[in-house]
Amino acid sequence: MKHLSLALFLGLAPLPALAELDLPYLKEATSKHGPLTIVDADLDGFPGHQLALNGTAVDGTQDAFVDIVQVIAKPGAADVDLVLLAVASGGNACPTLWQWVEVSASGATPNEAFGTCSEGLLDLRTEGASVVIDMASFDPAVQKVSYAYAGESVIETIVPFSDAGAVAAGAGDQVTRWVGRHPMMPFEDAGERLRFKAIMTEEQVFELAGRVTVASEAYEADGFVLGEGFDPNSGGDVAGLWGIRIADGAPFAIFRTTGEEPQIFGLSDVDQPGAIRLEDLPAVADTYLSGLEE
């Protein structure tokens, strides 16, 4: 079950992701206590699906789309299986959530659905008595979100990006490496975040990442590598452009918001090495600067 996102429908690049697990999406599987299947369900008059154990539907697992992703032994309880479900309502706003179901001799007990709405999992592992899942976040300031399940509830841990020990990215191939990649991807790199922190605050760096969520690939033009896009929740009214000059690694950024003056970062009035002046900007910047008072 991989549902097309709005970005893919528009022909734009999807959100960048760290390496995801290659997991199956199954309609049937086996457990220690009998066969597991996905069966039809009624969602207030609309067709849906749910998990069944030994042919008996498991209440609390109903949704428009339901798939069995993994069946594993519960840590510390060899006679109990944990079934991981991928559940989805069918909309683009939150493509997928996840749900644990405990299967024992007494039957199947579902837990509450959880997740960041990401369709992929970065890691699935056991830590002591817990099963831990890492997944990507749609918050550009968050590296990943971990969900630990030990049998009662799912505990969420947010892991922000850290720039500790990093150095700012440089010029040349440290700039052109982003050509053909999603414009959010540089902000997953500590060196690139430090590059842009030289011209804007950390909060503004992550705002810039959010402003290029829906985007085509980064590209090279006029001596710069450029990334542009818009916030998916804004209908195109909140947009951003970033650029890095290939020759010296100097960055600039522009925030464009409908009805407001654009915000420019990284420009200088002084002609000196490493400075980007207004006249040095690539041609695409004109689109973002329209309406700027002279």
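The structure we're discussing is the one just above.
Residues numbered from 1 in each chain as written. Predicted model: local features only at pLDDT ≥ 70, side-chain atom pairs only at ≥ 80, totals over all residues. Heavy atoms only, no water.

Caption draft 1: Region of the structure containing the state of the cysteines. Overall, the coordinates contain 1 disulfide when judged by the stated rule. Across the disulfide, C94 is cross-linked to C117 (sulfur-sulfur distance 1.9 Å). Negative torsions about the S-S bond denote left-handed disulfides, and the value of about -95° found for C94 with C117 makes this one left-handed. Placement of the pair is C94 in the loop between β6 (77-88) and β7 (97-104) and C117 in the loop between β8 (107-110) and β9 (121-127), with a sequence separation of 23 residues. Of the residues examined, C94 reaches a relative accessible area of 23% and is grouped as partly exposed. (Disulfide = S-S within 2.5 Å. Helix = DSSP H or I, 4+ residues; strand = E, 2+ residues; numbered from the N terminus. Buried < 20%, exposed > 50% of the residue type's maximum accessible area, 1.4 Å probe, protein only.)

Caption draft 2: A look at the environment of L97. Here L97 is to be found in strand β7. On a C-alpha basis, the gap between L97 and R177 in space is 33 Å, while along the polypeptide they are 80 residues apart. Apart from residues no more than four positions distant in its own chain, L97 is found in contact with L85, A86, V87, A113, F114, G115 and C117. (Contact = heavy atoms within 4.5 Å.)

Caption draft 3: Highlighting the packing of aromatic side chains. In total, this model carries 7 aromatic pairs according to the counting rule given. Summarising the aromatic geometry, the rings of F187 and F196 are spaced 5.4 Å apart at their centres and angled 55° between planes, so their arrangement reads as tilted. Among the residues examined, F187 registers a relative accessible area of 1% and is labelled buried. F196 sits in the buried class, given a relative accessible area of 0%. Pairing F187 with W242 gives two aromatic rings, centres 6.4 Å apart and planes at 85°, and the pair type is edge-to-face. One end of the pair, F187, is in the loop between α2 (173-176) and α3 (190-197); the other, W242, is in strand β16 (residues 238-245), with 55 residues separating them in the sequence. Like W242, F187 is buried. The structure contains a cluster of three or more aromatic residues connected by ring pairs, namely F187, F196 and W242. Seen from the ring of Y288, R256 lies directly overhead, with NZ or CZ sitting 4.9 Å from the centre. (Phe/Tyr/Trp six-rings, centres within 6.5 Å; stacked < 30°, edge-to-face > 60°. Lys NZ or Arg CZ within 6 Å of the ring centre and 35° of its normal.)

Caption draft 4: Spotlight on the sheet that holds β8. Strand order in the open sheet formed by 4 strands is β5-β6-β7-β8, with antiparallel pairing between adjacent strands. Strand pairing shows two members of the sheet lacking a second neighbour, β5 (65-74) and β8, which therefore form its edges. The mean angle between the axes of side-by-side strands here comes to 25°, regardless of whether they run parallel or antiparallel. Sheet analysis places β5 next to β6, joined by 9 bridges and oriented antiparallel. (Pairing = 2+ DSSP bridges. Axes fitted to C-alpha atoms, helices over the stretch in contact; angles between N-to-C directions.)

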